[in-house]
Amino acid sequence: MQFVLASQSPARLTVLRKAGIDPVVQVSGVDEDAIIASLPADAGPEQTVATLAEAKARTVAPDHSDAVVVGCDSMLFHDGLLVGKPGTPERALARWTKMAGGTGELLTGHAVLRVRDGAVTAIATGTVSTTIRFGEPSETEIEAYVGTGEPLQVAGGFTIDGLGGWFIDGVDGDPSSVIGISLPLTRRLLRDVEVSVVDLWH
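Quick notes on the rules
Residues numbered from 1 in each chain as written. Predicted model: local features only at pLDDT ≥ 70, side-chain atom pairs only at ≥ 80, totals over all residues. Heavy atoms only, no water. Axes fitted to C-alpha atoms, helices over the stretch in contact; angles between N-to-C directions. Helix = DSSP H or I, 4+ residues; strand = E, 2+ residues; numbered from the N terminus. Left-handed = near helix turned anticlockwise from the far one by under 90°. Contact = heavy atoms within 4.5 Å. Nonpolar A, V, L, I, M, F, W, Y, C, P; charged D, E, K, R; others polar. Salt bridge = Lys/Arg side-chain N within 4 Å of Asp/Glu carboxyl O. Buried < 20%, exposed > 50% of the residue type's maximum accessible area, 1.4 Å probe, protein only. Pairing = 2+ DSSP bridges. Arc of directions from axis to C-beta. Lys, Arg positive; Asp, Glu negative; His and termini not counted.

**Topic: the packing of helix H4 (residues 89-99) against helix H5 (residues 139-147)**
Here is step 1 of the chain: Packing of H4 against H5 brings their axes to within 10 Å, and their N-to-C directions diverge by 145°. For the pair H4 and H5, the crossing hand works out as right-handed. Residues Pro 89, Ala 92, Leu 93, Trp 96 and Thr 97 of H4 lie in contact with H5, whose contacting residues are Ile 142, Glu 143, Tyr 145 and Val 146.
Here is step 2 of the chain: Classifying every residue of the contact of H4 with H5 by side-chain character gives 7 nonpolar, 1 polar and 1 charged.

Below you can see the structure in the form of structure tokens.
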């Protein structure tokens, strides 16, 4: 049985490898904007990230015969808005200017699909919310951080395991979820589809 990670995130891959799993990586390539646009108007932040995670896993699942396929999606809920990757330096600067000194909720949706004989036989989904306490970097520090390019392609525009860690005062909750994949939640979801994480350790 393979463990398939439906994500291109190097941070998620690193978390899994350090935790004893060497997954097959297959990027789903789903259109996240289109999926978000298709959600009901009253869809909450948790539903949004869980739906994206499941879409990623379902896209990849048909390519495997005997596997657990894991999809994840992370977004930051801050100041009443759910935001993903900034994408541009201008957006990253604007976000950090707003976030500095405040708090936000980093939401990571997870979907675990059990695949047997090429068909999905079980699915479990869940979301973890972790409170991020942002530091108060100076304008010069924010500009320097954005200039590295790191915050442009990560959820919320920050990391805790990279350069962004210098500007995060604290995390209340599961640190692995902030990096991109919650180990405790993934373990519980694997159990829900009748797979023990210890059987997946290399």
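**Quick look at the pattern of salt bridges**
Pairing is possible between side chains that carry opposite charge, provided their charged atoms lie close to one another.
Here is step 1 of the chain: Under the counting rule described, the total for this entry stands at 6 salt bridges.
Here is step 2 of the chain: Between Arg 17 and Asp 22 there is a salt bridge whose closest N-O contact spans 2.9 Å.
Here is step 3 of the chain: Asp 66 is the partner of Arg 114 in a salt bridge, and the nearest nitrogen-oxygen pair spans 2.8 Å. Taken together, the positions of Arg 114 in strand E5 (residues 103-116) and Asp 66 in strand E3 (residues 66-78) put the pair 48 residues apart, joining distant regions of the chain.
Here is step 4 of the chain: Residue classification places Asp 66 among the partly exposed residues on the basis of a relative accessible area of 33%.
Here is step 5 of the chain: A single network of salt bridges, built from pairs that share partners, joins Glu 32, Lys 56 and Asp 73.

**Comments concerning the pairing of E3**
On any regular strand, side chains alternate: one points to one face of the sheet, the next to the other face.
Here is step 1 of the chain: Most of E3 is tucked away, with 11 of its 13 residues classed as buried.
Here is step 2 of the chain: Sheet analysis places strand E1 (residues 2-5) next to E3, joined by 4 bridges and oriented parallel. Bridge pairing in E3 links Gln 2 to Ala 67.
Here is step 3 of the chain: Sheet topology note: the E3/E5 ladder contains 12 bridges and is antiparallel. Pairing of Ser 74 across the sheet is with Thr 108, part of E5.

**Let's talk about H5**
An α-helical turn contains 3.6 residues, so a residue and the one three or four places further along point in the same direction.
Here is step 1 of the chain: All buried positions along H5 are accounted for by Ile 142, Tyr 145 and Val 146. Along H5, the residues classed as buried sweep out an arc of 95° about the axis, all on the same side. When the buried face of H5 is taken as reference, the exposed residues oriented beyond 90 degrees from it are Thr 140 and Gly 147.
Here is step 2 of the chain: Of the surrounding elements, those touching the buried residues of H5 are H4.
Here is step 3 of the chain: Directly beyond the C-terminal end of H5, a positive phi value near 85° is found at Gly 149.

**What to know about the environment of Leu 52**
Here is step 1 of the chain: Position of Leu 52 relative to the elements: it lies in helix H3 (residues 45-60).
Here is step 2 of the chain: For the pair Leu 52 and Ile 35, spaced 17 residues apart in sequence, the C-alpha separation works out to 7.0 Å.
Here is step 3 of the chain: Filtering out sequence-adjacent residues up to four positions away, Leu 52 remains in contact with Glu 32, Ile 35, Ile 36, Asp 73 and Met 75.

**Regarding the side chain of Arg 95**
Here is step 1 of the chain: In this structure, Arg 95 sits in helix H4.
Here is step 2 of the chain: Here Arg 95 sits buried without a salt bridge, and the closest side chain of opposite charge, Asp 33, lies 9.6 Å off (N-O distance).
Here is step 3 of the chain: Residues in contact with Arg 95, not counting those within four places in the same chain, are Val 83, Gly 84, Lys 85 and Pro 86.

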